[in-house]
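# Breakdown of the fold
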Amino acid sequence: MTEILTPRLLLRRWNDDDLVPMAEINADPEVMRWIGDGSVRDLEETADAIERYEEEWEEEGFGLFAVELLGSGELIGFAGLSVPDFLPEVLPAVEIGWRLGRPYWGQGYASEAAHAVLEFALQDRGLDRVIAIAHTGNRASENVMRKLGMVPDRETSHPVLGLPLRVHAIDLTEYAA
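Residues numbered from 1 in each chain as written. Predicted model: local features only at pLDDT ≥ 70, side-chain atom pairs only at ≥ 80, totals over all residues. Heavy atoms only, no water.

## Structural notes on the nonpolar core
Among the nonpolar cores identified, the biggest contains 36 residues, and Leu-11, Leu-81, Ile-96, Trp-98 and Val-130 are the most heavily contacted of them. Looking at this core, the elements with two or more residues in it are strand E2 (9-12), strand E3 (64-69), strand E4 (75-82), strand E5 (95-100), helix H4 (109-124), strand E6 (129-135) and helix H5 (139-147). Ranked by residue count, the leading element in this core is H4, at 9 residues. Those residues within four positions of Leu-11 in sequence are excluded, and the remaining contacts are Thr-2, Glu-3, Ile-4, Thr-6, Phe-65, Ala-66, Val-67, Ala-113, Ala-116 and Val-117. In this structure, Trp-14, Ala-49, Tyr-53 and Ala-66 belong to the second largest nonpolar core, which totals 12 residues. (Core = buried A, V, L, I, M, F, W, Y, C linked by side-chain atoms within 4.5 Å. Buried < 20%, exposed > 50% of the residue type's maximum accessible area, 1.4 Å probe, protein only. Helix = DSSP H or I, 4+ residues; strand = E, 2+ residues; numbered from the N terminus. Contact = heavy atoms within 4.5 Å.)

## Here we look at a negative patch on the surface
On the surface, a cluster of negative charge is contributed by Asp-42, Glu-44, Glu-45, Asp-48, Glu-51, Glu-55, Glu-59, Glu-60 and Asp-85. Within the fold, Glu-60 resides in helix H3 (residues 43-60). (Patch = residues over 30% accessible without salt bridge, like charges linked within 9 Å, V, L, I, M, F, W, Y side chains within 5 Å. Areas by Shrake-Rupley, 256 points an atom, 1.4 Å probe, with all protein chains shown as cover. Salt bridge = Lys/Arg side-chain N within 4 Å of Asp/Glu carboxyl O. Lys, Arg positive; Asp, Glu negative; His and termini not counted. Charge placed at Lys NZ, Arg CZ, Asp CG, Glu CD.)

## What about the environment of Tyr-53?
By secondary structure assignment, the location of Tyr-53 is in helix H3. The sequence separation of Tyr-53 and Trp-14 amounts to 39 residues, and the corresponding C-alpha distance is 8.4 Å. Discounting residues that sit within four places of it in the chain, Tyr-53 has contacts with Trp-14, Leu-64, Phe-78 and Arg-99.

## Considerations on unusual backbone geometry
Put simply, Leu-91 and Pro-92 share a cis peptide bond, and its omega is -5 degrees. Secondary-structure assignment places Pro-92 in the loop between E4 and E5.

Taken by themselves, the reported measurements are silent on function.
Here it is as C-alpha cells:
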C-alpha cells in the first residue's frame, strides 16, 4: 500500500507537483529550527531529499509519504518511516518522522498522519518496533510522540553536530490503533 486515507489527509508517494510546496516548507526557518543544524533548504536540496525519499521506498519498502489535505489537495508536508542512518547507535531501527508547514501546526494533522503511519508499519510492513528522534526541547514533536504511545528510550547526542537528542520508542505488538 502506498496510499493511506485518514479522515482529513491523504498520505501518498511523491510527484513532481510536490517540489515547490515542499521547498517552501523547507525554506521556513521556524519549520527547520529542530531539523539537523536548523538550516533551511532550497529548491535543489528539497529535490535531492525527495529523490532520496523515493529511493528509500524502492530499497526498504517504506519511506516518507507526501501528506496532502483531502479537501483541497494541498501538500502540507510529509510523514512516514525511514532508517536513521545518521545515528548509528540506534541501528538497526526504523524511525517515524513528520514535517508540516507552519500553517498546519496545532490542528492535529501530525498526530493523525503519524497514527496512520504506525498502523502502516505494523499491519503492512510487519515492524515490531519503531523509534522517533527529536532534538531535546522540541516539545511539539515530543507531544506527538506521547500521543502515539511512545516512551523515552534514551538520551544521546547527534554524532556530527553534538546537539542533544531524545529517542522515543514504541513496541508495535502493544500498539492499539
